[in-house]
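# Per-entry structural report
Now for the letters of each chain:
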There are 2 protein chains.
Amino acid sequence: MPADVSLATVAAQAGVSVSTVSRIVNGETRRASPATVQRVRDAIEAVGYRPNPAGRALRRGETQLVAVLAANLDNPAMATIASSTEAALREAGYVMILCDTHDRPELQDEYLAAMRVQRVGGLVMIAAVASPGLAEMAGAGVPMVFVTRRNPVGPGLFVGIDDRAAGAAVADRFVAAGCRRPAVVFPRRGSSASRDRVAGFVDRLAALGVASEAVLRGEGDGLSHLQVGYDGSAALFERADRPDAVLCVSDQIAYGLARRAREAGIGIPDPCCVVSIDGTPLNQWVAPWLASVRIPYPVYGAEIVAGLEAIRRGEAPAERLLPFAFG
Amino acid sequence: MPADVSLATVAAQAGVSVSTVSRIVNGETRRASPATVQRVRDAIEAVGYRPNPAGRALRRGETQLVAVLAANLDNPAMATIASSTEAALREAGYVMILCDTHDRPELQDEYLAAMRVQRVGGLVMIAAVASPGLAEMAGAGVPMVFVTRRNPVGPGLFVGIDDRAAGAAVADRFVAAGCRRPAVVFPRRGSSASRDRVAGFVDRLAALGVASEAVLRGEGDGLSHLQVGYDGSAALFERADRPDAVLCVSDQIAYGLARRAREAGIGIPDPCCVVSIDGTPLNQWVAPWLASVRIPYPVYGAEIVAGLEAIRRGEAPAERLLPFAFG
DNA sequence: GACGTTTAGGCAAACGTTTGCCAAAACTGT
DNA sequence: ACAGTTTTGGCAAACGTTTGCCTAAACGTC
């Protein structure tokens, strides 16, 4: 119904100038008498005024748009993060632009350039990959937060878990359960997150008396963690001394491993128990045999938006590590 | 680097007026001599000009933004559609805004209003729910396409599959396989898509000699199809005359049913085979026992964008039904 | 050479918002 | 009553783009 209602419409209705309306809309109420403020508020209500983002963006040089660049939206964990981020952004009055970079640096750069031109008010990088444009972007003054993977080309606010600690927690559990032959499956060209989980796992095992060489490692290639798990676990199950406990650094890797185990006729969790790091709710339905370190993805969104606003307020970008737990 | 390069920058560089640059940028080359066109193109290249979306939006009254409103992004099928839509939109020069309505009419309306104010160039409704704002929006002249669920409050371009035919295809298969006691599990408060799949299934069975009353029906409540499948199949498996073939109208419902079957100690596919409609790639990994009618979600994006542009060109909104197949 | 037509390109207004600056009017204290 | 201050609010410019209209110059025709 309110086809084209602008500040001018409200101003005419209330019998004041556009300046006054603008100021009141933006909360600058000290510049008008209480009576005028009320009159303008009523007029806004009456004509159904909503600020035009284009006019605002043009004048302010910044929009209420926040871009989320995710490496792979087919990965349910990232989709969940995107989803919770969307809710938190809306809550805070932003609008989410979502881009899928497919883990490709050129595409990420293309998006970064496009988002810069769009004058987005913030940038959320879910599993960013190193690229020339990324470094350049950091200098452009747009608030940026890195999720799951740290900024590969510099500093920056990070939202995620303590990946080393998560890996270590799994090591603790394996040792407590009396496992003799632990293994870990992870992507060969992995992110900082994957590497840290593996390192935390191996280091803790070493501290508990399991030599690093004794820990079997299965590496897989490709963007799909399902495939990584399938390929990476192949060699593991062909050995004579098969592992009796495997850490998969993501749920999807565990799914891939499960398929391999099925084909190899190996039972889970007996004789080989599997633990993954992610713990998305789907596990309970399709993989009841899978134990997990649960990452609280649903609260990532709020944390990300809080981080964005902290940067905007000029606070130093601190790390935001979230709690994880077995679940 | 190009902090604030506008038409004026290019104009100065090329020694022409902004009007001329603007026209050339927009392909109106007949209004300038070939020499000038080249000079301007060089200048654009030299200063790295990119049109400012805010200025453009203000003037044109429309942005290059397209909003995708999805009912539930936690549903992998919708996430996949969103993902493929994103790629197709980018290809066509649009930028995707993604909103999760959580299947709630008020939230959908809130988003619709916000997107109208944003002056989006198009609206993609994935599983739209009936709401007051939806009807209103159709009259606003914004190109709209409905995906998976038809517009519940009026006409509109639809992208999806022939749901009745998909249901019927499953009926054919069950009868061909000699199943005696078919069943179907679906959401109680379902969409047009769910209802059509069920209707196609039941009608075809009737045509093939299985009376409608003989078809067991399991209905479940809630937003999560996982829960729908779990709840909806409970009664089915408690009966003395258990079904020997079940159609689940979505993959997630099948996952839910599988959990129930597991708990009830009933094997799949023997003695009870299960077919779902969706056929997302994850099935092969986590549910190898599940046969599916595969819906080509990855091509939805291109079809959606094509539909949007057809509307923009003023073509009559025709239905866009995509092929499905057992996979 | 006079006249009409095409070509090439500039001027300026408009889109809606924000904000620095200015000007009345209303107060204050003496 | 008067000077000084605060309150209240308007004017106008600016952000970058598009487009209707205008004007020269170049071209063509007789």
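Treat the numbers as computed from the prediction; the structure is a model and nothing was measured.

## Some words on the interface of chain A and chain B
In this complex, chain A contributes 47 residues to the contact, which on the side of chain B involves 47 residues. Counting across the chain A and chain B interface gives 2 salt bridges. Here Arg90(A) makes a salt bridge to Glu110(B), at a shortest N to O gap of 3.5 Å. Inspection of the chain A/chain B interface yields 9 residue pairs in polar contact (both at pLDDT 80 or more). When contributions to the side of chain A that touches chain B are tallied by element, the ones reaching two or more residues are helix H4 (53–60), helix H5 (76–91), strand S2 (95–100), helix H6 (105–117), helix H10 (225–232), helix H12 (251–264) and helix H13 (282–286) of chain A. The element that contributes the greatest number of residues to the side of chain A that touches chain B is H6(A), accounting for 8 residues. Grouping the constituent residues of the side of chain A that touches chain B by class yields 27 nonpolar, 9 polar and 11 charged.

## A word on the sheet that holds strand S9 (residues 273–278) of chain B
All names here are of chain B. Spatially, 6 strands are ordered S7-S6-S8-S9-S10-S12 in an open sheet, and the strand pairing comes out mixed. Two strands in the sheet have a free side with no partner beyond their single neighbour: strand S7 (216–220) and strand S12 (325–326). Sheet strands touched by helix H10 (residues 225–238): strand S6 (182–187) and S7. Its angle to S6, the strand with the most contacts, is close to 140°.

## Describing the protein's contact with DNA strand D
DNA strand D sits among 27 residues. The nearest are Ser17(A), Thr36(A), Leu7(B), Tyr49(B) and Arg59(B). Restricting the count to atoms of DNA strand D within 4 Å of the protein gives a sugar and phosphate share of 55%. Within the side chain of Arg23(A), one N or O atom sits 2.6 Å away from a base oxygen of DNA strand D. Among the secondary structure elements, those contributing two or more residues to the surface near DNA strand D are helix H2 (18–25) and H4 of chain A together with helix H2 (18–25) and helix H4 (53–60) of chain B. Counting residues per element, the surface near DNA strand D draws most heavily on H4(B), at 5 residues.

## Observations regarding the protein's contact with DNA strand C
Lining the immediate surroundings of DNA strand C are 27 residues, of which Leu7(A), Tyr49(A), Arg59(A), Arg23(B) and Thr36(B) lie closest. Those atoms of DNA strand C that come within 4 Å of the protein belong to sugar or phosphate at a rate of 56%. Contact distances for DNA strand C include 2.9 Å between a phosphate oxygen and a backbone N or O atom of Asn52(A). At 2.8 Å, a side-chain N or O of Ser19(B) approaches a base nitrogen of DNA strand C. Mapped onto the surface near DNA strand C, the elements with two or more residues apiece are H2 and H4 of chain A together with H2 and H4 of chain B. Considering every element that reaches the surface near DNA strand C, the biggest residue donor is H4(A), with 5 residues.

## Examining the pattern of salt bridges
What the rule picks out here adds up to 32 salt bridges over all chains. Of the charged contacts in the structure, one is a salt bridge between Arg181(B) and Asp241(B), with a shortest N-O distance of 2.7 Å. Residue Arg181(B) is located in the loop between helix H8 (163–176) and S6, and its partner Asp241(B) is located in the loop between H10 and strand S8 (245–248); the two are separated by 60 residues in the primary sequence. Accessibility expressed as a relative area gives 31% for Asp241(B), which makes it partly exposed. Connected via shared salt-bridge partners are Arg181(A), Arg239(A) and Asp241(A).

## Some points on the domain arrangement of chain A
Under the domain assignment used here, chain A contains domain 1 (7–51), domain 2 (61–155 + 298–322) and domain 3 (163–294). The C-alpha centroid of domain 3 of chain A is placed 61 Å from the C-alpha centroid of domain 1 of chain A.

## Focus on the state of the cysteines
Inspection of every chain in the model, using the stated rule, returns 0 disulfides over all chains. Among the cysteines around Cys179(A), which has no disulfide bond, Cys273(A) carries the closest sulfur, lying 4.5 Å off. Cysteine Cys99(B) remains unbridged, with the sulfur of Cys99(A) as its closest cysteine sulfur at 14 Å. A relative accessible area of 2% means that Cys99(B) is categorised as buried.

## Examining the packing of aromatic side chains
Two aromatic rings, taken as a pair, are described by how far apart their centres are and by the angle between their planes. Residue and element names in this part refer to chain A. All chains considered together, the criterion is met by 6 aromatic pairs over all chains. Ring centres of Phe174 and Phe201 lie 5.8 Å apart, and the angle between their planes is 85°; this geometry places the pair in the edge-to-face category. Of this pair, Phe174 sits in helix H8 (residues 163–176) while Phe201 sits in helix H9 (residues 192–207), placing them 27 residues apart in sequence. By relative accessible area, which is 0% here, Phe201 ends up buried.

## Concerning the relation of the copies chain A and chain B
Mapping chain A onto chain B leaves a residual RMSD of 0.1 Å; the transformation is a rotation of 180° accompanied by 0.0 Å of translation along its axis. Viewed as a symmetry operation, the transformation between the two copies matches a two-fold axis. Taken as a fraction of all interface residues of chain A, those also at the interface in chain B reach 100%, which identifies the copy contact as same-surface.

## Describing the nonpolar core
Phe201(A), Tyr255(A), Tyr300(A), Phe201(B), Tyr255(B) and Tyr300(B) are the most contacted members of the largest nonpolar core, which has 142 residues in total. Residue contacts for Tyr255(B): discarding those within four places in its chain leaves Leu282(A), Trp285(A), Val286(A), Leu226(B), Thr280(B), Leu282(B), Asn283(B), Val286(B), Ala287(B) and Leu290(B). One finds Met137(A), Met125(B), Ala128(B) and Met137(B) within the second-largest nonpolar core, a separate group that totals 38 residues.

## Some details on the UniProt feature "domain: HTH lacI-type" (unreviewed entry) in chain A
Those places that UniProt annotates as "domain: HTH lacI-type" (unreviewed entry) correspond, in this numbering, to residues 5–60 of chain A. As annotated, residues 5–60 of chain A comprises 68% helix and 0% strand, and the C-alpha atoms at either end are separated by 20 Å.

## So, H12(A)
Residue and element names in this part refer to chain A. Under the 1.5 Å per step criterion, the end-to-end length of H12 is 20 Å for 14 residues, consistent within 8% with the ideal 20 Å. Among the 14 residues in H12, 10 count as buried, and that is most of the element. If you check which residues of H12 are buried, you get Asp251, Gln252, Ile253, Ala254, Tyr255, Gly256, Leu257, Ala258, Arg260 and Ala261. Directly after H12, the chain includes Gly265, whose backbone phi takes a positive value near 70°.

## Regarding the packing of H4(A) against H4(B)
Look at H4(A) against H4(B): their axes get within 8 Å of each other, and the N-to-C directions meet at 140°. Two packed elements cross with a definite hand, and for H4(A) against H4(B) that hand is left-handed. Together, Ala54(A), Gly55(A), Ala57(A) and Leu58(A) of H4(A) and Ala54(B), Gly55(B), Ala57(B) and Leu58(B) of H4(B) make up the contact between the two elements. Tallied by class, the residues present in the contact of H4(A) with H4(B) amount to 6 nonpolar, 2 polar and no charged.

## Regarding the pairing of strand S1 (residues 65–70) of chain B
Residues and elements named next belong to chain B. Taking burial as the measure, the 6 residues of S1 include 6 buried ones, the bulk of the element. Burial along S1 is two-sided: Leu65, Ala67 and Leu69 facing one way and Val66, Val68 and Ala70 facing the other are all buried. Across 6 bridges, S1 lies against strand S2 (residues 95–100) in parallel orientation. The partner of Val68 across the bridge, within S2, is Leu98. With helix H5 (residues 76–91) bridging S1 and its parallel neighbour S2, the resulting β-α-β unit is right-handed.

Rules used throughout
Residues numbered from 1 in each chain as written. Chains lettered and ligands numbered in written order. Predicted model: local features only at pLDDT ≥ 70, side-chain atom pairs only at ≥ 80, totals over all residues. Heavy atoms only, no water. Contact = heavy atoms within 4.5 Å. Salt bridge = Lys/Arg side-chain N within 4 Å of Asp/Glu carboxyl O. Polar contact = N/O pair within 3.5 Å; in protein donor to acceptor, adjacent residues only side chain to side chain. Helix = DSSP H or I, 4+ residues; strand = E, 2+ residues; numbered from the N terminus. Nonpolar A, V, L, I, M, F, W, Y, C, P; charged D, E, K, R; others polar. Pairing = 2+ DSSP bridges. Axes fitted to C-alpha atoms, helices over the stretch in contact; angles between N-to-C directions. Near = heavy atom within 4 Å. Buried < 20%, exposed > 50% of the residue type's maximum accessible area, 1.4 Å probe, protein only. Domains from an automatic or database assignment. Disulfide = S-S within 2.5 Å. Phe/Tyr/Trp six-rings, centres within 6.5 Å; stacked < 30°, edge-to-face > 60°. Least-squares fit on C-alpha atoms with pLDDT ≥ 70 in both. Core = buried A, V, L, I, M, F, W, Y, C linked by side-chain atoms within 4.5 Å. UniProt positions renumbered as here; feature names shortened; annotations may be inferred. Expected span 1.5 Å × (residues − 1). Left-handed = near helix turned anticlockwise from the far one by under 90°. Right-handed = clockwise from strand over helix to strand, strands pointing away.

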